[in-house]
Amino acid sequence: MNILGIETSCDETAAAIVRDGREVLSSVVYTQIPLHRPYGGVVPEIASRAHIEKIGAVVGEAMKQADGIDAVAVTYGPGLSPALLVGLNAAKGLACARGIPLIGINHIEAHLHTPFLYDAGDDASHLPDPQTCMPVLGLAISGGNTMWVDMPAYGKYEVVGETLDDAAGEAFDKAAKLLGLGYPGGLTMDRISAAYRARFPDEPLVPFPKGRPRDGVAALSGLSADLCVSFSGLKTALLRHVQRHPELLGAKDGARDFGGYVVTDAVAHVVASYQEAIVAAVAERTRAALRRKPYRAFVLGGGVSLNSRLRVVLAEVARDAGVPLLMAKPKYTGDNGAMIAGLAYYRRNRVDDALSFDVDPCLQVGD
Ligand code: KG4
């Protein structure tokens, strides 16, 4: 069964065709990042207009590379309403015109499907089947979400922990903005940190707070504090650090290459310290989440799961817990249509009405 997946929840216009939920036949992603960069964040109106301009070409290209579709799947939440509407309307049009089913997909649940995707021609014999490797712990970690999800069976989701304020990707992006490193900041901070750690392996890092939520705050959302993170204190700690060391901003004397970015040793030191605080926070909560029950796999999805340090540390956490870690191919960590089409295969019995179906910008995992 070939499903076309369409994704427009934020700043990527994406479409893909996936066979039987796993094998990606085509995947086309148009990123709007350069359009939003001057504003230091995603501007919903610009996102919506850019999706409108590109959706036809992106879907057309995905269909050209692999035609013959049996259903259309689309992200209907969570995300930016004016952005989601573009993908949904394109999907509705296609489903009605071709007389094929329309399947609405939750964006975060789809991120957790990415480790199960492979490309046509890949040897996928080592990859477990999502339906037979449950229960699984999932971590969706991106610009919009940081969420630990218990999956007792495929298609069943219970959020067991999450960020109580910013997502990890937001924490990276806001720090990068403060340090003048551009938007989005995650990949930049990853590369600078890796270069810094390689050059100064023994240098102690700034002891930034490790994302512990305040007592009682997690309880308000009905979650255990051990499984929740909060990055607002970390961001404030960085701001205070920069205020105490104003020379960090603007000083160029002695700046040199760190992973392709020219910064001073002092800035690279702060970047590596800040990243380490995020990674340590995520690792600690993951360790606690993996202790909840005997999971058969730990799956990682979302843009921040590309972080090289996070990948190494979470691999250690999973190994210590004796649970196999499944990570997406780098090209499927960010937003894409393949994860939408892939998950839809496992939801093919839940078809939505192509005329009345609507977006749900605040859609919850497990709804
Ligand atoms: O999954 P994604 O493309 O979009 C959302 O659904 O949010 O994730 C984008 C986020 C951005 O915040 C970006 O800074 C972050 O992922 N990111 C990274 C890395 N690559 C992208 N964060 C840390 N390390 C990276 N290597």
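Residues numbered from 1 in each chain as written. Predicted model: local features only at pLDDT ≥ 70, side-chain atom pairs only at ≥ 80, totals over all residues. Heavy atoms only, no water.

J.: Hey, could you run me through the nonpolar core in this one?
T.: Across soluble globular proteins, you tend to see nonpolar side chains buried next to one another. Within the largest apolar cluster, 53 residues are counted, with the highest numbers of intra-cluster contacts made by F208, F231, Y274, I278, V282 and F298. Only β7 (136–141), α5 (168–178), α6 (186–199), α8 (232–244), α9 (265–290), β12 (297–301) and α10 (308–321) provide two or more residues apiece to this core. By residue number, the principal contributor to this core is α9, which donates 15 residues. Every residue in contact with Y274, bar those within four places of it in the chain, is listed here: A171, F172, A175, M189, F208, L234, K235 and L238. In terms of nonpolar packing, the next biggest core, distinct from the first, is built from 36 residues, I3, I108, Y154 and Y345 among them. (Core = buried A, V, L, I, M, F, W, Y, C linked by side-chain atoms within 4.5 Å. Buried < 20%, exposed > 50% of the residue type's maximum accessible area, 1.4 Å probe, protein only. Helix = DSSP H or I, 4+ residues; strand = E, 2+ residues; numbered from the N terminus. Contact = heavy atoms within 4.5 Å.)

J.: Which parts of the structure should I look at to understand unusual backbone geometry?
T.: Glycine aside, residues mostly have negative phi, and peptide bonds are mostly found in the trans state. With omega at -15°, the peptide bond leading from G77 into P78 counts as cis. Relative to the helices and strands, P78 is located in the loop between β4 (71–77) and α3 (81–98). In this structure, P135 follows M134 across a cis peptide bond, with omega equal to 0°. Inspection of the secondary structure puts P135 in the loop between β6 (118–119) and β7. One non-glycine residue, D20, adopts positive backbone phi at about 50°. Its place among the elements puts D20 in the loop between β2 (12–19) and β3 (23–31).

J.: Can you walk me through the site of the ligand in this structure?
T.: In the region of the ligand, 21 residues are neighbours, and G143, D173, D190, G303 and D335 sit closest. Between an oxygen atom of the ligand and a main-chain N or O atom of G169, the distance comes to 3.3 Å. Separating an oxygen atom of the ligand from a backbone N or O atom of G303 is a distance of 2.9 Å. Bound to the protein, the ligand loses 88% of the 560 Å² it would expose on its own. Elements with a contribution of two residues or more to the shell around the ligand: α4 (107–111), α5 and α6. By residue class, the composition of the shell around the ligand is five nonpolar, 13 polar and three charged. (Near = heavy atom within 4 Å. Polar contact = N/O pair within 3.5 Å; in protein donor to acceptor, adjacent residues only side chain to side chain. Areas by Shrake-Rupley, 256 points an atom, 1.4 Å probe, with all protein chains shown as cover. Nonpolar A, V, L, I, M, F, W, Y, C, P; charged D, E, K, R; others polar.)

J.: What am I meant to see in the pattern of salt bridges here?
T.: This structure, assessed with the given rule, holds 19 salt bridges. Between K235 and D166 there is a salt bridge, and its shortest N-O distance comes to 2.5 Å. Here K235, found in helix α8, pairs with D166, found in the loop between β9 (158–162) and α5; they are 69 residues apart in sequence, far enough to count as distant. Taking relative accessible area as the criterion, K235 reaches 23% and is therefore assigned partly exposed. Residues joined in a network through salt bridges with shared partners are D119, D122, K329 and K331. (Salt bridge = Lys/Arg side-chain N within 4 Å of Asp/Glu carboxyl O.)

J.: What should I look at first to understand the sheet that holds β9 in this one?
T.: Across a sheet, paired strands are connected by hydrogen bonds in the backbone, their directions being either parallel or antiparallel. Spatially, five strands are ordered β9-β8-β7-β12-β13 in an open sheet, and the strand pairing comes out mixed. Pairing within the sheet leaves two strands with one partner each, and these edge strands are β9 and β13 (325–327). For this sheet the average axis-to-axis angle between neighbouring strands, irrespective of direction, equals 25°. By the bridge criterion, five bridges tie β7 to β12 in an arrangement that is parallel. Note that in β12 the partner of V136 across the bridge is A297. Lying over the sheet, α10 contacts β7, β12 and β13, oriented at roughly 155° with respect to β13. (Pairing = 2+ DSSP bridges. Axes fitted to C-alpha atoms, helices over the stretch in contact; angles between N-to-C directions.)

J.: Where do I start with the packing of aromatic side chains in this structure?
T.: The way to describe two aromatic rings as a pair is by their centre distance and the angle between their planes. Under the definition given, this model contains seven aromatic pairs. Ring centres of F116 and Y154 lie 5.9 Å apart, and the angle between their planes is 80°; this geometry places the pair in the edge-to-face category. Here F116 is found in the loop between α4 and β6, whereas its partner Y154 is found in the loop between β8 (146–151) and β9, with 38 residues between them in sequence. Looking at F116, the relative accessible area reads 0%, which means it is buried. Residue classification places Y154 among the buried residues on the basis of a relative accessible area of 15%. Taking the centre distance of 6.2 Å and the plane angle of 75° together, the rings of F208 and Y274 count as edge-to-face. Taken together, the residues F208 in the loop between α6 and α7 (217–220) and Y274 in helix α9 connect sequence positions 66 residues apart. In this structure an aromatic cluster arises from ring pairing among F116, Y154, Y345 and Y346. (Phe/Tyr/Trp six-rings, centres within 6.5 Å; stacked < 30°, edge-to-face > 60°.)

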